[in-house]
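This is what each chain is made of:
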Amino acid sequence: MRPLKLVVAGPVAAGKTTFVRALSETPVVDTDVEATEDIGKLNTTVAFDFGTLTLDGIPLHLYGTPGQDRFDFMWELLCEGALGLVMLVSGDRPRDFAAARNMLEFITTRYPVPYLLGVTRQDLPRVWEPDDVADYFDLPPSQVLGLNATDPAACHDLLATLLEQLDSSASRLPDLSPLFPSQETP
Ligand SMILES: Nc1nc2c(ncn2[C@@H]2O[C@H](COP(=O)(O)OP(=O)(O)OP(=O)(O)O)[C@@H](O)[C@H]2O)c(=O)[nH]1
Ligand SMILES: [Mg+2]
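Under the annotation held in an unreviewed UniProt entry, the chain carries the name ATP/GTP-binding protein and is attributed to Deinococcus sonorensis KR-87. Under the Sequence similarities (unreviewed entry) heading, UniProt states for the chain: "Belongs to the GPN-loop GTPase family."

Printed below as a string of structure tokens:
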């Protein structure tokens, strides 16, 4: 089965690299280096994170984007051919929500794929809760999930929910199998 490509996007420090590392069953390719600007943390992703896993028998390829705007050319490159999107925001960085909304619009207008919004750092006190973030982003509460991105089980739950969404939206897509004869099932 051809792996399903999923992208993990979001602003700086949203937890994208952490999410990919928590889930990948193979050594993660990451491109984190020491940040040259003060972004509130030491390391930052400058190209992408790449990890793989199998969930419910489906092979998945996960691509994490860099968060900094100056690498925005990577967002489009990485989203090419993606079938789903995990957008992450950090529950303790509401100042980044506006940038996240722009990023979400940037990606989904070019690649209108099903997506979920994950609100990280739910393990910490005094953070924005998913329902309030849903209000801010004007999304249905079912599309916004809270998680601790350092916890693999929470990351799995979010991905499983996205896969369910992909499954239900797949029935609304045209049948593309004639374009891929080698993928046809006997
Ligand atoms: N407690 C807690 N820490 C988290 C969570 N998500 C991420 N972190 C921590 O936040 C820091 C930044 O996370 P990264 O995964 O590097 O963030 P990123 O989105 O990849 O950031 P850029 O690559 O700079 O855009 C790391 O120290 C993580 O361990 C979370 O849900 N809970
Ligand atoms: Mg990163």
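Here helix H3 (residues 97-110) is 14 residues long and its end C-alpha atoms lie 20 Å apart, about the 20 Å a rise of 1.5 Å per residue gives. Looking only at H3, the buried set comprises Phe97, Ala100, Met103, Leu104, Ile107 and Thr108. What you see down the axis of H3 is that its buried residues fit within an arc of 115°, all on one side. Opposite the buried face of H3, at more than 90 degrees from it, the exposed residues are Asn102, Glu105 and Thr109. Next to the buried residues of H3 lie strand S1 (4-9), helix H2 (72-79), strand S6 (84-90), strand S7 (115-120) and helix H4 (130-137).

In this section: unusual backbone geometry. Even without a glycine there, the phi angle at Ala13 is positive, about 70°. Summarising the element assignment, Ala13 is placed in the loop between S1 and helix H1 (16-23). Located in the positive-phi region is Arg126, a residue other than glycine, with phi close to 55°. Checked against the element boundaries, Arg126 lands in the loop between S7 and H4.

It is worth spelling out the site of ligand 1 at this point. Residues in contact with ligand 1 amount to 19 residues; listed here are only the nearest, Lys16, Thr18, Thr44, Arg121 and Ala149. Take Thr45: an N or O atom from its side chain is 2.7 Å from an oxygen atom of ligand 1. Asp123 places a side-chain nitrogen or oxygen 2.8 Å from a nitrogen atom of ligand 1. Protein contact buries 81% of the 660 Å² of open area that ligand 1 shows by itself. Because more than half of its atoms lie within 2 Å of the grid, ligand 1 is assigned to the second largest pocket.

Donor atoms from the polypeptide that bind the magnesium ion (ligand 2) are Thr17 (OG1) and Thr45 (OG1), placed at 2.0 to 2.1 Å. With Thr17 in helix H1 and Thr45 in strand S3 (residues 43-45), this residue pair connects regions lying 28 residues apart in the sequence. In this structure Thr17 comes out as buried when scored by relative accessible area, which is 11%. Residue class for Thr45 comes out buried when judged on its relative accessible area of 6%.

The rules behind these values
- Residues numbered from 1 in each chain as written.
- Chains lettered and ligands numbered in written order.
- Predicted model: local features only at pLDDT ≥ 70, side-chain atom pairs only at ≥ 80, totals over all residues.
- Heavy atoms only, no water.
- UniProt positions renumbered as here; feature names shortened; annotations may be inferred.
- Helix = DSSP H or I, 4+ residues; strand = E, 2+ residues; numbered from the N terminus.
- Expected span 1.5 Å × (residues − 1).
- Buried < 20%, exposed > 50% of the residue type's maximum accessible area, 1.4 Å probe, protein only.
- Arc of directions from axis to C-beta.
- Contact = heavy atoms within 4.5 Å.
- Near = heavy atom within 4 Å.
- Polar contact = N/O pair within 3.5 Å; in protein donor to acceptor, adjacent residues only side chain to side chain.
- Areas by Shrake-Rupley, 256 points an atom, 1.4 Å probe, with all protein chains shown as cover.
- 1 Å grid on protein atoms, 1.4 Å probe; cavity = no way out; pocket = protein on both sides within 12 Å on 5 of 7 lines; lining within 4 Å.
- Sits in = over half its atoms within 2 Å of the grid points.
- Donors = N, O, S within 2.8 Å, 3.2 Å for Na, K, Ca; no water.

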